[in-house]
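Close look at the chain arrangement
Each chain is listed here by its residues.
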Amino acid sequence: MRILPLFISLISLSLWAQPQAILDQTSYQFWVNAPTEVKEKNPLVIFLHGRSLSGTNIERVKRYGPLRGIEKKGLEIPAYLVAPQLPSGPWNPDKVDEIVQYMIDHYAIDERRIYVTGMSLGGYGTMKYASKYANRLAAAIAMCGGGENRDACNLTNVPIKLIHGDKDFIVPLKESKNIMNAIKKCKSDAPVELQVIKGGNHGSVEDLYRHNDLYNWLFQHTKKE
């Protein structure tokens with residue numbers, strides 16, 4: 001007699017495990033994927049995509065990055081994952097923060113463990129968000145992107161990892177080197193590091209989003225009070 005309730009429970013768990021589209025609640029439409037085990041307070045990871053996924057069809061956001069890893073590789077991230085879609089132009093940090101605030105208001109988010117990561121245009125967006133909302137973040141990862149030197153001094157207290165392939169001919173490695181040097185110029189012991197992927201091109205480094213090492217680096221950091 002217990003088979004039917006158990007079956008229904010398994011179906012419910014399966015449905016809950018799938019990314020959910022949140023539409024018309026913030027300036028950017030976005031996906032949210034819940035952790036397998038929801039705790040009283042949970043980390044939050046925001047992923048910002050590159051220019052090729054921009055538009056109004058939110059399904060495009062699943063083409064690469066964490067959502068691809070979750071749906072195709074069985075990746076499990078012990079955090080709420082948010083993946084917004086950029087309609088056009090550069091990422092707006094204020095609109096990204098609308099989503100962060102929405103998640104805080106509607107989900108059990110640990111505000112000491114909020115992280116942002118992105119690649120290509122999303123890498124630049126990551127640095128722009130981290131510059132304006134450094135007080136929100138525990139850590140950030142920007143992949144095959146860069147940043148603006150004028151933002152550098154606002155980035156000196158956020159643990160940041162820059163990841164770039166040395167064969168990237170779309171956004172050259174020097175973009176990540178330049179922003180790292182600008183941050184170090186503001187504060188020599190700023191917690192910023194650069195990981196160079198030997199032989200990595202603009203697309204191949206994306207594979208790192210499908211493995212836990214990238215997220216483990218983020219999760220080792222907790223925002224100081």
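Conventions and cut-offs
- Residues numbered from 1 in each chain as written.
- Predicted model: local features only at pLDDT ≥ 70, side-chain atom pairs only at ≥ 80, totals over all residues.
- Heavy atoms only, no water.
- Disulfide = S-S within 2.5 Å.
- Helix = DSSP H or I, 4+ residues; strand = E, 2+ residues; numbered from the N terminus.
- Buried < 20%, exposed > 50% of the residue type's maximum accessible area, 1.4 Å probe, protein only.
- Pairing = 2+ DSSP bridges.
- Axes fitted to C-alpha atoms, helices over the stretch in contact; angles between N-to-C directions.
- Contact = heavy atoms within 4.5 Å.
- Salt bridge = Lys/Arg side-chain N within 4 Å of Asp/Glu carboxyl O.
- Expected span 1.5 Å × (residues − 1).
- Arc of directions from axis to C-beta.
- Phe/Tyr/Trp six-rings, centres within 6.5 Å; stacked < 30°, edge-to-face > 60°.
- Lys NZ or Arg CZ within 6 Å of the ring centre and 35° of its normal.

1. Observations concerning the state of the cysteines
- All told, the structure shown has one disulfide when counted by the stated rule.
- Paired through a disulfide, Cys153 and Cys186 show a sulfur-sulfur distance of 1.9 Å. Negative torsions about the S-S bond denote left-handed disulfides, and the value of about -70° found for Cys153 with Cys186 makes this one left-handed. Here the residue Cys153 occupies a position in the loop between β6 (139-143) and β7 (160-165), and Cys186 occupies one in helix α5 (residues 174-186), the gap between them amounting to 33 residues.

2. A word on the environment of Glu40
- For Glu40, the location among the structural elements is in the loop between β2 (30-33) and β3 (42-48).
- In sequence terms Glu40 and Ala108 are 68 residues apart; their C-alpha atoms lie 6.2 Å from each other.

3. Considerations on unusual backbone geometry
- Of note in the backbone geometry, Asp24 takes a positive phi value of approximately 60° without being a glycine.
- Mapped onto the elements of the fold, Asp24 is located in the loop between β1 (20-22) and β2.
- By relative accessible area, Asp24 is classed as exposed at 66%.
- Residues other than glycine seldom take positive phi values, yet Ser120 does so here, at roughly 60°.
- Relative to the helices and strands, Ser120 is located in the loop between β5 (109-119) and α4 (121-132).
- Overall, the relative accessible area of 15% leaves Ser120 in the buried class.

4. Some words on the sheet that holds β6
- One open sheet accounts for eight strands, arranged β1-β2-β4-β3-β5-β6-β7-β8; its pairing is mixed. Two strands close off the open sheet at either side, each with one partner strand: β1 and β8 (192-197). Taking the axes of each pair of neighbouring strands and ignoring which way they run, one obtains an average angle of 20° across the sheet.
- Here six bridges tie β7 to β8, and the two strands are oriented parallel to one another. Residue pairing in the sheet places His164 in a bridge with Val196 of β8.
- Across the face of the sheet, helix α2 (residues 66-73) comes into contact with β2, β3 and β4 (80-84) while running at roughly 120° to β4.

5. So, the pattern of salt bridges
- Here the structure, examined in full by the defined rule, presents 10 salt bridges.
- We note a salt bridge from Lys128 to Glu148, for which the minimum N-O separation is 2.7 Å. Of this pair, Lys128 sits in helix α4 while Glu148 sits in the loop between β6 and β7, and the two are 20 residues apart along the sequence.
- Across the salt bridge formed by Lys128 and Asp151, the nearest N and O atoms sit 2.7 Å from each other. Placement of Lys128 in helix α4 and of Asp151 in the loop between β6 and β7 is noted, with a sequence separation of 23 residues between them. Asp151 shares its class with Lys128; the two are buried.
- Salt bridges sharing partners connect three or more residues here, namely Lys128, Glu148, Arg150 and Asp151.

6. What to know about α5
- In this model α5 runs 18 Å from its N-terminal to its C-terminal C-alpha over 13 residues, within 8% of the 18 Å that 1.5 Å per residue would give.
- Buried within α5 we find Ser176, Ile179, Met180, Ala182 and Ile183. Summarising the axial view, the buried residues of α5 lie within an arc of 160°, below the 170-degree limit, and thus occupy one face. In this structure, α5 carries Lys174 and Lys185 as exposed residues pointing more than 90 degrees from its buried face.
- The elements touched by buried residues of α5 are α4, β7 and β8.

7. Section: the packing of aromatic side chains
- For the coordinates displayed, the defined rule picks out six aromatic pairs.
- A ring pair is formed by Phe30 and Tyr102, whose centres lie 5.7 Å apart and whose planes are at 75°; its orientation type is edge-to-face. Taken together, the residues span a long stretch of sequence, with Phe30 in strand β2 and Tyr102 in helix α3 (residues 93-106) at a distance of 72 residues.
- Accessibility expressed as a relative area gives 0% for Phe30, which makes it buried.
- Note that Lys62 overlies the ring of Trp31, its terminal NZ or CZ placed 4.1 Å from the centroid.

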